[in-house]
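This is what each chain is made of:
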Amino acid sequence: MIRAVEASQAVSAPVLAAYRYCETVTGQQARNFAYGIRLLPTPERRAMSALYAFSRRVDDIGDGELPPAVKVERLEDTRALLGRVQAGAVQEDDTDPVAVALAHAAGVFPIPLGGLDELIDGVQMDVRGATYETWDDLKVYCRCVAGAIGRLSLGIFGTEPGARGVERAPEYADTLGLALQLTNILRDVREDAEGGRTYLPADDLAKFGCSAGFAGPTPPEGSDFAGLVHFEVRRARALFAEGYRLLPMLDRRSGACVAAMAGIYRRLLDRIERDPEAVLRGRVSLPGREKAYVAVRGLSGFDTRHVSRHTLRGRA
């Protein structure tokens with residue numbers, strides 16, 4: 001998917017205002033995501049903010065306090081709005097700034113907007129209270145709520161002309177999304193349990209004696225909680241390793257953006273691995289200075305060069 005559009009065209013005042021709204025939402029609601037997209041050129045950064053703002057609206061419906069039936073209705077209203085964007089029926093003077101910004105971004109970049117339909121499907125799974133018996137079951141959910149975002153983002157990033165294996169770029173973008181989502185699930189295991197949600201596969205919970213859940217700041221009695229966490233960390237690391245193959249296919253700044261976002265989550269994974277029970281005591285996070293370091297490292301191209309060297313060795 002080579003970048004097919006020159007994105008430096010003039011932007012009207014109503015569209016600029018819509019983008020500014022989306023950038024404000026992104027800056028306030030998505031600290032990790034915002035660190036990454038700061039590294040992008042202005043058109044790509046704006047488009048990613050529009051994508052985030054729409055996705056945030058979907059997530060907020062799912063996470064809100066409304067009755068399930070009302071949530072389903074709101075999600076279908078949002079799907080109808082997405083349909084208007086896909087049909088080119090949103091005008092610059094529309095009263096919904098997120099729709100205006102997303103419609104403009106979709107006109108500039110080849111964004112596969114059907115991925116947002118998948119996101120809505122995934123949030124509906126949350127609303128229905130879906131649980132997951134196996135990792136294969138959980139992957140379906142993760143692909144909807146995170147893998148799809150990876151593929152949508154790739155539509156904005158594009159790929160470098162002549163990049164090797166570029167036909168697999170959407171697959172790698174999807175896999176990185178899975179890695180980020182599994183890290184989120186580990187980080188939020190206590191918070192999700194308090195909200196009545198369990199994402200980790202029932203098979204894994206049973207294997208490590210954790211089927212009783214995580215309602216408190218300590219693991220279930222007699223469980224091997226650390227073993228469970230380390231098992232899931234290894235799974236996430238394998239997903240990161242596969243998904244990182246995307247980096248050499250991107251231009252420098254898009255690669256820096258992806259490396260920064262993924263790098264922040266990999267460092268979260270390191271912290272969780274060192275102290276598994278920390279996720280039961282509160283939310284594990286990185287200080288701002290560490291996030292800044294990851295962003296600078298991504299911009300330097302270190303991760304991309306590292307992946308390229310290992311890929312070439314693998315082919316030797």
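Residues numbered from 1 in each chain as written. Predicted model: local features only at pLDDT ≥ 70, side-chain atom pairs only at ≥ 80, totals over all residues. Heavy atoms only, no water.

## What about the overall build of the protein?
At step 1: The secondary structure content of the protein amounts to 15 helices and zero strands.
At step 2: Accessible area of the protein: about 14300 Å², with a carbon and sulfur share of 51%. (Helix = DSSP H or I, 4+ residues; strand = E, 2+ residues; numbered from the N terminus. Areas by Shrake-Rupley, 256 points an atom, 1.4 Å probe, with all protein chains shown as cover.)

## A few points about the side chain of Asp126
At step 1: Turning to its location among the elements, Asp126 is positioned in helix H6 (residues 114-127).
At step 2: The side chain of Asp126 is buried and forms no salt bridge, while Arg197, the nearest opposite charge, is found at 4.1 Å.
At step 3: Residue contacts for Asp126: discarding those within four places in its chain leaves Tyr141, Arg197 and Tyr199. (Buried < 20%, exposed > 50% of the residue type's maximum accessible area, 1.4 Å probe, protein only. Lys, Arg positive; Asp, Glu negative; His and termini not counted. Salt bridge = Lys/Arg side-chain N within 4 Å of Asp/Glu carboxyl O. Contact = heavy atoms within 4.5 Å.)

## Side note on helix H5 (residues 97-108)
At step 1: Counted at 1.5 Å a residue, the expected span for H5 with its twelve residues is 16 Å, and the 17 Å between its end C-alpha atoms agrees.
At step 2: Of all the positions in H5, only Val98, Ala99, Val100, Ala101, Leu102, His104, Ala105 and Val108 are classed as buried.
At step 3: As for H5, its buried residues are in contact with helix H1 (13-29), helix H3 (42-63), helix H4 (68-86) and H6.
At step 4: Structurally, the start of H5 carries an N-cap: the backbone nitrogen of Val98 is 3.0 Å from a side-chain oxygen of Asp96. (Expected span 1.5 Å × (residues − 1). Polar contact = N/O pair within 3.5 Å; in protein donor to acceptor, adjacent residues only side chain to side chain.)

## As for the side chain of Thr175
At step 1: Position of Thr175 among the secondary structure elements: in helix H8 (residues 169-187).
At step 2: What makes Thr175 buried here is its relative accessible area of 9%.
At step 3: The contacts of Thr175, once residues within four sequence positions are left out, are Leu239, Glu242 and Gly243.

## Regarding the packing of aromatic side chains
At step 1: In the structure shown here, the tally under the stated rule is six aromatic pairs.
At step 2: Between Phe240 and Tyr244 the ring centres are 6.4 Å apart and the planes differ by 85°, which places this aromatic pair in the edge-to-face class. Take Phe240 and Tyr244: they sit in the same class, and that class is buried.
At step 3: Site record: aromatic cluster; members linked through ring pairs are Tyr132, Tyr141 and Tyr199.
At step 4: The lysine or arginine in question, Arg266, covers the ring of Tyr244, its NZ or CZ lying 4.7 Å from the ring centre. (Phe/Tyr/Trp six-rings, centres within 6.5 Å; stacked < 30°, edge-to-face > 60°. Lys NZ or Arg CZ within 6 Å of the ring centre and 35° of its normal.)

## Overview of the environment of Ser55
At step 1: Here Ser55 lies in helix H3.
At step 2: A relative accessible area of 8% means that Ser55 is categorised as buried.
At step 3: When the C-alpha positions of Ser55 and Val145 are compared, they lie 9.0 Å apart, and in sequence the two are 90 residues distant.
At step 4: Not counting chain neighbours up to four residues away, the residues in contact with Ser55 comprise Leu116, Leu119 and Ile149.

## Let's talk about the packing of H3 against H4
At step 1: Where H3 meets H4, the closest approach of the two axes is 9 Å, and the angle between their N-to-C directions is 165°. In terms of their interaxial angle, H3 and H4 are classed as roughly antiparallel. Handedness of the crossing formed by H3 with H4: left-handed. Seen from H3, the contacting residues are Phe54, Arg57, Val58, Ile61, Gly62 and Asp63; seen from H4, they are Lys71, Arg74, Leu75, Thr78, Leu81 and Leu82.
At step 2: Across the contact of H3 with H4, the residue classes tally to six nonpolar, two polar and four charged. (Axes fitted to C-alpha atoms, helices over the stretch in contact; angles between N-to-C directions. Parallel < 35°, antiparallel > 145°, perpendicular 65-115°, else oblique. Left-handed = near helix turned anticlockwise from the far one by under 90°. Nonpolar A, V, L, I, M, F, W, Y, C, P; charged D, E, K, R; others polar.)

## Notes on the packing of helix H7 (residues 135-157) against H8
Geometrically, a packed helix pair is captured by the angle between its two axes and the distance between the axes.
At step 1: Close contact between H7 and H8 brings their axes to 7 Å; oriented N to C, the two are set at 120°. Here H7 is positioned oblique relative to H8, judged by the angle of their axes. In terms of crossing hand, the pair formed by H7 and H8 is right-handed.
At step 2: Considering only residue class, the contact of H7 with H8 consists of 14 nonpolar, four polar and four charged.

## Structural notes on the confidence of the model for the protein
At step 1: On average, residues of the protein carry a pLDDT of 89, and 89% of them reach 70 or more.
At step 2: Ignoring residues within four places in sequence, the model shows residues 2-8, a span with pLDDT below 50, making 14 contacts including any to other chains.
At step 3: Below a pLDDT of 50 lies the segment residues 311-316, which in the model reaches three contacts outside its immediate sequence neighbourhood of four places, other chains included. (pLDDT = per-residue confidence, 0-100.)

## Let's talk about the pattern of salt bridges
At step 1: Tallied over the full model, the rule gives 24 salt bridges.
At step 2: A salt bridge links Arg79 to Asp117; its shortest N-O distance comes to 2.9 Å. Pair noted here: Arg79 is in helix H4 and Asp117 is in helix H6, with a separation of 38 residues, a long-range link.
At step 3: Between Arg237 and Glu273 there is a salt bridge, with its nearest N and O atoms 2.7 Å apart. One end of the pair, Arg237, is in helix H11 (residues 225-243); the other, Glu273, is in helix H12 (residues 252-274), with 36 residues separating them in the sequence.
At step 4: For Glu273, a relative accessible area of 32% gives the class partly exposed.
At step 5: Taken together, the shared-partner salt bridges in this structure form one network comprising Glu76, Arg79, Asp117 and Asp121.

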